[in-house]
Amino acid sequence: MSLLAIILSFIFVILALVLSTAFKLGLGKDIIITCVRATIQLLVVGYILNAVFGFDHPLGIILMLLVMILVAAQNAAKRGRNIPFVFWKIFITISIVEIVTQGFLLGLKIVPATPQYIISISGMIIGNSMIIANLFLNRLQAEIDLRKEEILLVLSLGGSVKQSIFPILKNSIRASLIPTIEGQKTIGLVQLPGMMTGQIIAGADPIQAVKFQLLIVFLIMAAASLTAIILGFLLYPSLFNKEQQLVPNRFLSP
Amino acid sequence: MEIELKNIHKSFINQGERVSVLKGINGEAEKGEILTIIGPSGSGKSTILSLCNLLQTPDDGELYVGGKEIRDWDVRQLRRYVGIAFQSGPMMKGTVLENLSLPMQLQGRTLDNPQTYMNYVGLSEELLNREAKELSGGQRQRLSLARTLVNQPSVLLLDEVTSALDSKAAQEIEALILSINKDHNTTILWVTHDLAQAERVGDQTWFIMDGQLVEAATTKQFFSEPKDQRTKEFLNRSRDKK
Ligand SMILES: Nc1ncnc2c1ncn2[C@@H]1O[C@H](COP(=O)(O)OP(=O)(O)O)[C@@H](O)[C@H]1O
Ligand SMILES: [Mg+2]
C-alpha cells in the first residue's frame, strides 16, 4: 500500500465525522482521538517490530514479549485491585501460558522459530489471555457476591478454604471460557478471522491460510483454558486470610 | 466454662469508615447451658456468634472455647466443635442426602446413618433424594440443624433460626433444639428476637445494645426483675408492640 493510499483512506474518518455531526451523535472528539491513537500505536509497533526482526537476537524477542505480557497483566489487574499480588498472579499466569504454547509450537516444530511467527502468535495468545483473565475476575466477583452464604456454610462446618470456594471457582472458570468457545462456533461463516484475511490479502494460498488459522483456533482454546485454570488456582488463596475467613471487598477499589 | 468472652472488641470498615460493633463484651456460658441473646437489630448479636467459631476474629480481647483461646485452636477443629445454624438454613445445590452428608464429605468420609439423623430431626427418610432447595422453610431448618449435628458439636450457635418460620414450625424447631440440648448436653447460644421464646428456653439471658452487654442474668431474674433502665425500656417497648 502506498502512502497516498493511506492518506486517501482518511476519507473514511471524515465520513464518520460528518455522520456524527449530521446526526448530533457527539462522537467527533472520540473518533478523532481513536484514529490518532490507532495511527500512532500501530506506527510505533511497526517500527519496533522492524527493529526486533532486524536485530535478529533472541533477547530482542524476549524483551518484546515481556513488555506485551506486562501491559496485558497491568490491564487485567485493574479488575481485582484489592487482591494482594493480583498483578503478579496474572503476570505469572500469562507467562506460563505463553511458555507452554510456544514450547509446543517451537518444540514440535509446528511453526518455524522466526521472530515473525513467535511475536504474531504470542500477540494473539497474550491478548486472548488478558481478556480471559478479565472475564474470570469479573465472574468470580459476581459469583462470590451471589453465593457468599455457601462459602460461609462450608467454612462453618469445618471445611477448608479450597472446599468452600471450589464450586464457585469451577463455575467462574467455565463461564469465562464460554465466549471463547461460542465465538469459534461461527468462525469463518460471518467474518473471516483477521489473521486469515491478512494472509489471503498478502497473497497466501487460502488453504494454507485456513490450516494456519485452525492452528490458532486450537491454540486459543488451550490458552484460554490454561489461563482461567491457572489464574483461578493462583488467586483463590488471596481471597481468604490465615484464619480461613473470607476477606470482604477484595474486588472493590479502596 | 465452655464459652468465655473477655473484653471482646470488634469493628468493621463500612464505606471507608471504621464502625465499632462490639465494645468490650464480658460474659460466659457453662457447659450444657442455654444462653439466650436478645437486643435490637444491628446491635451485634450475630457478630458475637460469628466470633465464637472464628468466622470472624476479635480485634481485641480473648475468647475461650472449652478452656482454650480460639486462636490456639486448629481453625477447622474449632468449627466442628462449635456448630452454627443460620436463619435462612442455606443449602448447597444437590440432594437432601448430599447436604446432610456435607460435614462428612468435607473430611473425605461418608455418612453411614443418614436415616438416624433424619428421624432425629423429624424428617421423613423419603426426602433424602429430593433436591434440598425444594424443601419448605421448616424442613430446611430441620435439615440445617441435622447437618450441623453430624459434626457432633459441643456448642451450638443459633442465629434467629425460627424467625422466618410460621408459629407452628417455629414451635416444633424450638422443641427439637431443646431435645438436642437435653440429649447431648450441648451448650447453646441462641440469638432470637422472640422475647417469649428467650424467656421460655433460656437458662441465662443477655441483652445486647449498641455493641455492649447491657445486662446478663439468669433468665428468670432477667425477665422478672431487669435491673438496667435500658433493658426495662426494651422489654416494655417489645411488649407494647404485641
Ligand atoms: N462483615 C461486616 N462488614 C461490615 N459491617 C458489618 C459486618 N457484619 C456486621 N456488620 C455491622 O455490624 C453491626 C452489627 O451487626 P450484627 O452483629 O449482624 O447485628 P445483629 O445480629 O444484632 O442484628 C451492624 O451495623 C452491621 O451493619
Ligand atoms: Mg443478626
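Since the structure is predicted, the reported quantities are computational estimates derived from the model, not experimental observations.

**A look at the overall build of chain A**
- Along its length, chain A carries nine helices and zero strands.
- Going from N to C terminus, chain A has its helices and strands arranged as α-α-α-α-α-α-α-α-α.
- In chain A, which comprises 254 residues, the share counted as buried stands at 39%.
- Of all intrachain contacts in chain A linking residues separated by at least 6 positions in sequence, the fraction that spans at least 24 positions is 70%.
- The distance from the centre of the 18 positive side-chain charges to the centre of the 10 negative ones in chain A is 3 Å.

**A few points about the UniProt feature "transmembrane region" (unreviewed entry) in chain A**
- The UniProt feature table records "transmembrane region" (unreviewed entry) at residues 44-73, 85-105, 117-137 and 214-236 of chain A.
- Helix makes up 100% of residues 117-137 of chain A and strand 0%, with an end-to-end C-alpha separation of 30 Å.

**Quick notes on a nonpolar patch on the surface**
Residues and elements named next belong to chain A.
- A cluster of nonpolar side chains, contributed by Phe85, Trp88, Ile92, Ile96, Val100, Phe104, Leu108 and Ile110, occupies part of the molecular surface with about 810 Å² of accessible area.
- Inspection of the secondary structure puts leucine 108 in the loop between helix H4 (86-107) and helix H5 (115-146).
- Overall, leucine 108 belongs to the exposed group, its relative accessible area being 57%.

**Looking at the interface of chain A and chain B**
- At the interface, 15 residues of chain A touch 24 residues of chain B.
- Interface area, chain A with chain B, both sides summed: about 1800 Å², of which 57% is carbon and sulfur.
- Broken down residue by residue, the surface that chain A buries against chain B is led by Leu153(A), Ser156(A) and Leu157(A), which jointly contribute 33%.
- The interface formed by chain A and chain B includes one salt bridge.
- Two residues, Glu150(A) and Lys133(B), come together in a salt bridge whose shortest N-O distance is 3.9 Å.
- Inspection of the chain A/chain B interface yields ten residue pairs in polar contact (both at pLDDT 80 or more).

**Here we look at the nonpolar core**
- Within the largest apolar cluster, 72 residues are counted, with the highest numbers of intra-cluster contacts made by Ile90(A) and Ile25(B).
- Leave out the neighbours within four places in its chain, and Ile25(B) touches Leu5(B), Lys6(B), Asn7(B), Ile8(B), Ile48(B), Trp206(B), Ile208(B), Gly211(B), Gln212(B) and Leu213(B).
- Of all hydrophobic cores here, the second largest spans 33 residues; its members include Leu111(B), Leu123(B), Ala169(B) and Ile173(B).

**Description of the sheet that holds strand E5 (residues 68-69) of chain B**
All names here are of chain B.
- With respect to topology, four strands assemble into an open sheet ordered E2-E1-E4-E5, the strand pairing being antiparallel. Sheet topology places strand E2 (17-29) and E5 at the edges, where each strand pairs with a single neighbour.
- In this structure, strand E1 (residues 3-14) lies alongside E2, joined through ten bridges in antiparallel fashion. Within the sheet, the bridge partner assigned to glutamate 4 lies in E2 and is glutamate 28.

**Some remarks on the layout of surface pockets**
Residues and elements named next belong to chain A.
- The computed volume of the second largest pocket comes to approximately 620 Å³.
- Taken together, 17 residues line the second largest pocket, and the ones lying closest to its centre are Gln41, Val45, Met64, Met68 and Val71.
- For the lining of the second largest pocket, a count of residues per class yields twelve nonpolar, four polar and one charged.
- For the lining of the second largest pocket, the domains that each give at least three residues are domain 1 (1-55) and domain 2 (57-239).

**Things to note about the pairing of strand E9 (residues 204-209) of chain B**
All names here are of chain B.
- Along E9, five of the six residues are buried, which leaves the element largely enclosed by surrounding structure.
- As paired strands, strand E3 (residues 34-38) and E9 are joined by four bridges and run parallel to one another. Directly across from threonine 36, in E9, lies its bridge partner threonine 205.
- Taken together, the six bridges between E9 and strand E10 (residues 212-218) define a ladder with antiparallel strand orientation. Each residue of the ladder has a partner; that of glutamine 204, found in E10, is threonine 218.
- The antiparallel hairpin formed by E9 and E10 contains two residues in its connecting segment, where aspartate 210 sits at a positive phi of about 50°.

**A few points about the domain arrangement of chain A**
Residue and element names in this part refer to chain A.
- On domain assignment, one finds that chain A holds domain 1 (1-55) and domain 2 (57-239).
- Here the C-alpha centre of domain 2 lies 28 Å away from the C-alpha centre of domain 1.
- Taken together, the contact between domain 1 and domain 2 spans five residues of the former and seven residues of the latter.
- Interface area, domain 1 with domain 2, both sides summed: about 570 Å², of which 85% is carbon and sulfur.
- Area buried by domain 1 at its contact with domain 2 is led by Val52, Phe53 and Phe55, which between them contribute 80% of it.
- The tally of links between domain 1 and domain 2 comes to zero salt bridges.
- Inspection of the region where domain 1 meets domain 2 yields one residue pair in polar contact (both at pLDDT 80 or more).
- Considering only residue class, the side of domain 1 that touches domain 2 consists of five nonpolar, no polar and no charged.

**Considering the site of ligand 1**
Residue and element names in this part refer to chain B.
- The environment of ligand 1 is made up of Phe12, Asn14, Val21, Pro40, Ser41, Gly42, Ser43, Gly44, Lys45, Ser46 and Thr47.
- Here an oxygen atom of ligand 1 and a backbone polar atom of glycine 44 are 3.0 Å apart.
- Surface burial for ligand 1 is 66%, taken as the share of its 560 Å² of free accessible area covered by protein chains.
- The set of elements that each furnish at least two residues to the shell around ligand 1 consists of E1 and helix H1 (45-52).
- With three residues, H1 is the largest single contributor of residues to the shell around ligand 1.
- Of the residues assigned to the shell around ligand 1, the class counts are three nonpolar, seven polar and one charged.

**Observations concerning the packing of aromatic side chains**
All names here are of chain A.
- The tally for this structure, following the rule as stated, stands at eight aromatic pairs over all chains.
- Measuring from ring centre to ring centre gives 6.2 Å for phenylalanine 87 and phenylalanine 91, while their planes differ by 25°; the resulting arrangement is stacked. With phenylalanine 87 and phenylalanine 91 both in helix H4 and four residues apart, this pair spans about one turn of that helix.
- On the accessibility criterion, phenylalanine 91 (14% relative accessible area) is buried.
- For the pair tyrosine 117 and phenylalanine 212, a centre-to-centre distance of 5.5 Å together with 70° between the ring planes defines the contact as edge-to-face. On the criterion of sequence distance, the pair formed by tyrosine 117 in helix H5 and phenylalanine 212 in helix H9 (residues 206-235) is long-range, its members being 95 residues apart.
- Looking at tyrosine 117, the relative accessible area reads 30%, which means it is partly exposed.
- Residue classification places phenylalanine 212 among the buried positions, given a relative accessible area of 14%.

Here is what the cut-offs are and how they apply
- Residues numbered from 1 in each chain as written.
- Chains lettered and ligands numbered in written order.
- Predicted model: local features only at pLDDT ≥ 70, side-chain atom pairs only at ≥ 80, totals over all residues.
- Heavy atoms only, no water.
- Helix = DSSP H or I, 4+ residues; strand = E, 2+ residues; numbered from the N terminus.
- Buried < 20%, exposed > 50% of the residue type's maximum accessible area, 1.4 Å probe, protein only.
- Contact = heavy atoms within 4.5 Å.
- Lys, Arg positive; Asp, Glu negative; His and termini not counted.
- Charge placed at Lys NZ, Arg CZ, Asp CG, Glu CD.
- UniProt positions renumbered as here; feature names shortened; annotations may be inferred.
- Patch = residues over 30% accessible without salt bridge, like charges linked within 9 Å, V, L, I, M, F, W, Y side chains within 5 Å.
- Areas by Shrake-Rupley, 256 points an atom, 1.4 Å probe, with all protein chains shown as cover.
- Salt bridge = Lys/Arg side-chain N within 4 Å of Asp/Glu carboxyl O.
- Buried area = accessible area lost by both parts, 1.4 Å probe.
- Polar contact = N/O pair within 3.5 Å; in protein donor to acceptor, adjacent residues only side chain to side chain.
- Core = buried A, V, L, I, M, F, W, Y, C linked by side-chain atoms within 4.5 Å.
- Pairing = 2+ DSSP bridges.
- 1 Å grid on protein atoms, 1.4 Å probe; cavity = no way out; pocket = protein on both sides within 12 Å on 5 of 7 lines; lining within 4 Å.
- Points joined across faces, edges and corners; volume = space filled by probe spheres on them.
- Nonpolar A, V, L, I, M, F, W, Y, C, P; charged D, E, K, R; others polar.
- Domains from an automatic or database assignment.
- Near = heavy atom within 4 Å.
- Phe/Tyr/Trp six-rings, centres within 6.5 Å; stacked < 30°, edge-to-face > 60°.

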